[in-house]
Amino acid sequence: MSMQVSVAYIGIGSNLGDKVLNCKHSIARIDGTSGCEVTARSDLFKTEPEGVAGQQWYANCVVEVRTEHNPRDLLDRLMAIEHEMGRIRTKKWESRIIDLDLLIFGELVLNLPDLVVPHPLLHTRRFVLEPFVQLAPELVHPVLNVTVRQLLKKLPKQSYVEILKEEA
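(A) Local environment of the overall build of the protein chain. The number of helices and strands found in the protein chain is 4 helices and 8 strands. The N-to-C order of helical and strand elements in the protein chain reads β-α-β-β-β-α-β-β-β-α-α-β. Relative to the compact-globule value of 15 Å for 168 residues, the protein chain shows a C-alpha radius of gyration of 15 Å, a close match. For the C-alpha atoms alone, the extent of the protein chain along its principal axes is close to 50 × 40 × 35 Å. Taking all contacts inside the protein chain whose residues are at least 6 apart in sequence as the whole, residues at least 24 apart take part in 67%. As displayed, the protein chain has an accessible area near 9100 Å², and 53% of this comes from carbon and sulfur atoms.

(B) Molecular detail of the pattern of salt bridges. For the structure on display, the rule yields 6 salt bridges. Residue Asp101 is joined to Arg125 by a salt bridge in which the shortest nitrogen-to-oxygen separation is 3.9 Å. Here the residue Asp101 occupies a position in strand β5 (residues 99–105), and Arg125 occupies one in the loop between β7 (115–117) and α3 (126–135), the gap between them amounting to 24 residues. Assigned by exposure class, Asp101 and Arg125 land together as buried. Residues Arg149 and Glu138 are paired through a salt bridge, measuring 2.8 Å at the closest nitrogen-oxygen approach. Placement of the pair is Arg149 in helix α4 (residues 148–154) and Glu138 in the loop between α3 and α4, with a sequence separation of 11 residues.

(C) Main features of the environment of Leu155. With respect to the helices and strands, Leu155 occurs in the loop between α4 and β8 (161–163). A relative accessible area of 14% places Leu155 in the buried class. Taking the C-alpha atoms as reference points, Leu155 and Arg126, 29 residues apart in sequence, are found 7.1 Å from one another. Excluding residues that lie within four positions of it along the chain, Leu155 makes contacts with His123, Thr124, Arg125, Arg126 and Leu129.

(D) Structural detail: the nonpolar core. Counting 25 residues, the largest nonpolar core has Ile10, Ile12, Ile30, Leu100 and Leu102 as the members making the most contacts within it. Within the residue set of this core, elements represented by two or more residues are β1 (6–14), α1 (19–31), β2 (36–41), β4 (58–67), α2 (71–84), β5 and β7. Those residues in contact with Leu100 that sit more than four places away from it in its chain are Ile10, Gly11, Ile12, Ser26, Ile30, Leu78, Ile81 and Glu82. Counting residues in each nonpolar core, the second largest holds 16 residues, with Val128, Val146, Val148 and Leu155 among its members.

What counts, and where the lines are drawn
Residues numbered from 1 in each chain as written. Predicted model: local features only at pLDDT ≥ 70, side-chain atom pairs only at ≥ 80, totals over all residues. Heavy atoms only, no water. Helix = DSSP H or I, 4+ residues; strand = E, 2+ residues; numbered from the N terminus. Rg over C-alpha atoms; globule rule 2.2 N^0.38 Å. Contact = heavy atoms within 4.5 Å. Areas by Shrake-Rupley, 256 points an atom, 1.4 Å probe, with all protein chains shown as cover. Salt bridge = Lys/Arg side-chain N within 4 Å of Asp/Glu carboxyl O. Buried < 20%, exposed > 50% of the residue type's maximum accessible area, 1.4 Å probe, protein only. Core = buried A, V, L, I, M, F, W, Y, C linked by side-chain atoms within 4.5 Å.

Take it as geometry only, folks, not as evidence of what the structure does.
Rendered as structure tokens:
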């Protein structure tokens with residue numbers, strides 16, 4: 001019997017240490033996870049922090065992942081990667097070596113105390129939507145029923161986002 005394969009989108013961010021390398025390491029770890037295959041990656045973007053003043057800028061990107069896991073297991077694996085990479089969760093909006101957010105999981109809608117899919121702040125975050133639109137501009141948000149491109153167009157252009165030039 002073959003496993004059910006779902007397509008998930010994961011938001012990745014870092015604002016401590018070598019931010020670009022942290023993002024790339026996390027992608028390699030996701031891709032190296034049994035039952036997960038990273039099938040696409042956006043550009044890396046330099047973005048300003050939201051929620052807290054005085055933090056360093058972030059590197060952000062979005063990856064598309066084909067996975068045999070259910071959303072809970074996938075999230076557990078993402079949190080294990082954060083932990084392995086040295087992330088310690090103490091308070092909300094803190095600087096982080098790596099942040100892995102489950103943005104979308106197929107067309108699934110989940111609203112559990114510790115797992116909400118699609119990500120509840122997805123439609124408000126330019127640092128997620130700018131890279132996301134590179135991968136899946138016509139993907140329809142399963143709750144808001146509009147495309148990723150439309151979500152980005154609706155956002156005010158307040159926060160600063162630019163594509164990071166990467167070393168080849």
